[in-house]
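Okay, here's what each chain looks like letter by letter:
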Amino acid sequence: MTIAKGLTYSERELKQIGKRPLRPDGVDKVTGRARYGADLSAPGMLIAKVLRSPHPHARIHAIDTTKAEALAGVKAVITRDDFPDVGSGERIPSEGDEDLRYTAHNVMARDKALYEGHTVAAVAAISAAIANKALGLIEVDYEPLPHVTDVDEAMKPDAPVLHDDMFTSGVEPTPDTPSNVAQRVEVSLGDTAEGFSEADIVIERDFTTEAVHQGYIEPQACLATVSGDGSAELWCCTQGHFSARNSCAKILDMEMSKLRVTASEIGGGFGGKTQVFIEPLALALSRKAGRPVKLVMSREDVFKGTGPTASTSMSVKVGVTKDGRITAAEAVLKYQGGAFPSAPTGAASMTAFACYDIAHVLVVGYVVVTNRPKAAAYRAPGAPMAAFAVESVMDEIAGRVGMDPIDFRLKNAPIEGSQAAYGPKFGAIGYVETLEAAKAHEHYQVPLKPGQGRGVASGYWFNWDGETCVTLNIQDDGTAAVAVGTPDIGGSRASMCQMVAEELGIDYSKVQATVVDTNALGFNDVTGGSRVTFACGMAAIQAARNVIEDLCARAAGVWGISPDAVVWEDGAARPSGDNAGKFDPMPLTEIAKLAAKTGGPIAGHAEFTAKGAGVSFSTQIVDVEVDRETGKTTILRYTVIQDAGKAIHPSYVEGQYQGGAAQGIGWALNEEYVYGEDGKLQNAGFLDYRMPVASDLPMIDTVIVEVPNPNHPYGVRGVGETSIIPPMGAIANALAAATGLRMNSLPMSPPKLLKALDEAAPDQAAE
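Residues numbered from 1 in each chain as written. Predicted model: local features only at pLDDT ≥ 70, side-chain atom pairs only at ≥ 80, totals over all residues. Heavy atoms only, no water.

**What to know about the sheet that holds strand S10 (residues 181-189)**
Strand order in the open sheet formed by 6 strands is S10-S18-S17-S16-S11-S30, with mixed pairing between adjacent strands. Sheet topology places S10 and strand S30 (745-746) at the edges, where each strand pairs with a single neighbour. The strands touched by helix H11 (residues 383-400) are strand S11 (201-209), strand S16 (311-320), strand S17 (326-336) and S30; relative to S11, the strand with the most contacts, the crossing angle is about 150 degrees. (Pairing = 2+ DSSP bridges. Helix = DSSP H or I, 4+ residues; strand = E, 2+ residues; numbered from the N terminus. Contact = heavy atoms within 4.5 Å. Axes fitted to C-alpha atoms, helices over the stretch in contact; angles between N-to-C directions.)

**Here's the deal with the pairing of strand S18 (residues 361-368)**
For S18, the buried fraction is high: 6 of the 8 residues fall into the buried class. Bridge count between S10 and S18: 8 bridges; the pairing is antiparallel. Each bridged residue has a counterpart across the sheet, and for Glu186 the counterpart in S18 is Val364. Pairing between S17 and S18: 8 bridges, direction parallel. Counterpart to Glu330 in the pairing with S18 is Leu362. For the handedness criterion, the β-α-β arrangement of S17, helix H10 (residues 345-351) and S18 is classed as right-handed. (Buried < 20%, exposed > 50% of the residue type's maximum accessible area, 1.4 Å probe, protein only. Right-handed = clockwise from strand over helix to strand, strands pointing away.)

**With respect to the side chain of Lys374**
Looking at the secondary structure, you find Lys374 in the loop between S18 and H11. Of note is the side chain of Lys374, whose polar atom sits 2.8 Å from the side chain of Gln275. (Polar contact = N/O pair within 3.5 Å; in protein donor to acceptor, adjacent residues only side chain to side chain.)

**Topic: the packing of helix H7 (residues 241-252) against helix H8 (residues 279-289)**
At a minimum axis separation of 10 Å, H7 and H8 run at an interaxial angle of 50 degrees. Judged on the interaxial angle alone, H8 and H7 are oblique. At the point where H7 passes H8, the crossing takes the right-handed sense. Between H7, through Cys248, Ile251 and Leu252, and H8, the contact on the second element is made entirely by Glu279, Pro280, Leu283, Ala284 and Arg287. Classifying every residue of the contact of H7 with H8 by side-chain character gives 6 nonpolar, no polar and 2 charged. (Parallel < 35°, antiparallel > 145°, perpendicular 65-115°, else oblique. Left-handed = near helix turned anticlockwise from the far one by under 90°. Nonpolar A, V, L, I, M, F, W, Y, C, P; charged D, E, K, R; others polar.)

Now the structure itself:
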């Protein structure tokens with residue numbers, strides 16, 4: 001279902017956009033022809049393996065690689081000694097805007113191993129068996145140190161300190177004692193003391209969430225080759241090969257122009273492949289061995305050595321009048337980002353109350369380090385956890401004032417011109433439309449049976465724009481080739497082709513989009529932040545319009561009239577009117593055939609830092625049923641309503657909505673990193689890390705709301721991230737409706753829920 005409002009064009013005017021053509025990568029993927037990260041090989045290729053710390057926190061006094069290097073078949077061994085020092089403060093472009101020093105120290109441990117799984121050495125050998133044997137011959141002199149994996153414990157004054165040079169920023173004056181609190185973040189609007197004084201009801205609750213992994217099916221993999229003159233090639237599965245190039249070059253002190261990076265097809269990323277983990281290792285090994293090196297992570301390595309999202313400890317306080325008007329809201333958000341300060345606390349603080357028009361807001365967030373793997377982005381980084389806490393409290397408040405949960409949100413919803421607590425005033429937004437669509441949806445009207453519950457929650461994400469570069473080439477036969485620098489993780493090649501086809505007035509089948517390597521285009525930011533269809537789409541449209549201007553000029557030259565007297569309509573150049581002359585329309589195919597005689601190749605390009613990504617809202621409805629004997633929660637029905645601005649390819653948009661909801665269901669009910677008292681991860685594999693499978697999920701219904709983003713020619717808003725924000729809150733609210741219990745800790749797993757039910761049973765019986 002699609003609900004459109006305020007469109008600047010009629011659907012009849014669009015011939016390619018809004019349609020559902022076949023996906024361009026479909027055949028290759030179902031036939032096995034598509035090449036993923038581990039699919040490339042090279043003559044003389046070596047196999048690399050990584051030695052990881054068995055300790056969650058340990059000083060590394062010495063590493064002896066003599067025996068490993070002497071083993072027949074071993075061609076290179078690298079440790080911290082093979083990496084140059086990297087200064088602090090230099091940023092590298094990624095979804096998290098990483099500090100290069102921390103990235104480099106995460107790739108290879110320096111003086112300390114900071115988590116179980118931290119890389120301390122790597123080997124390249126002629127076979128995997130020899131490489132594994134060599135790892136066992138490396139002798140590391142560890143001094144185990146006290147560790148901490150819990151965010152609240154890490155903030156205590158007597159906690160083991162991970163970094164002696166880490167002093168809390170965002171605090172005046174800057175502390176002179178190091179701690180695990182890397183940063184304090186504050187978002188404020190108005191005066192919350194005044195706002196709470198106006199409230200009739202104030203509710204304050206505490207929440208915790210555990211770290212979860214993106215769960216991509218394809219582990220990180222790469223093939224690197226460095227030649228004698230220092231030129232290098234890297235093939236890897238990544239969401240941003242330009243950022244990977246920059247990171248690797250800086251970490252290894254290489255010239256960027258000598259490092260060519262190609263992005264493979266990607267078997268899932270969800271933000272987890274926006275930074276480098278193994279790529280610098282493969283390059284360093286190849287440089288040392290003088291041969292190509294292939295490095296593929298095991299699933300255990302993925303869990304222990306790459307970034308999950310943060311775990312959190314949060315408190316939320318909200319005040320409301322008797323008639324349901326929110327007067328004030330506060331939150332304290334403590335996010336741990338693993339061994340380095342990479343927790344997405346800033347985004348969480350900005351999005352926490354963005355679904356509500358509140359005059360008085362205060363959010364204080366903390367970025368905390370612990371002895372865990374360095375956190376990475378995961379779909380709307382930071383926002384889902386904060387939304388779980390906020391949406392749970394909002395649902396409870398709606399019940400206290402006797403309001404329908406959607407009516408309560410409608411009463412407090414921001415509209416165009418509303419002031420966001422984190423700074424800007426909202427432009428054209430579609431939040432109210434999602435709420436109205438949810439209330440009118442048949443799902444919201446269906447009666448429930450005893451023991452079942454229905455929950456509603458909303459979510460907000462900024463969306464991003466970023467640096468983008470696109471080239472469009474017209475071939476001699478009139479077909480179009482689009483070169484983009486943004487890996488396709490959600491259908492962007494199809495949407496680029498549709499927008500270019502729409503602009504040129506040709507059929508979608510006549511346009512081919514290719515993700516090219518880093519030497520073929522200018523810099524492109526990562527595929528992340530829901531930016532690609534917006535930003536890369538704008539670039540593709542501009543490139544197409546450059547081509548059209550050229551096509552009109554060439555037709556004008558053939559006709560002997562001014563270019564100003566030519567227009568482009570329905571895939572052909574035409575005289576703008578009778579005064580321009582009597583000429584038959586000249587289609588693209590004809591102009592393309594004349595290219596050599598009218599000026600040479602026909603191409604358009606665009607390069608810019610895009611601005612104006614439209615923000616996105618989603619409202620979701622879920623029905624659940626709880627088995628009180630086992631604590632198992634069954635999702636009966638799920639509906640996602642979200643503003644896409646304009647759905648370029650509705651099937652892909654629906655897929656994004658469904659994928660985010662499915663991942664949110666797993667996050668809500670089962671997924672978690674489990675650490676023992678020894679600081680070691682206990683469930684580093686899909687057998688024990690419980691992701692949803694098909695039998696855990698219902699058919700997820702979708703409603704595409706279209707309130708155009710005025711900053712894009714077709715009104716596009718990013719859609720890839722917002723859908724994962726509401727599920728945890730919606731499911732918690734549904735569980736509260738079904739059981740009378742409010743769960744304040746994720747995941748709401750069967751053992752945890754069963755314990756809560758058992759503890760509540762005596763009280764319920766007494767009632």
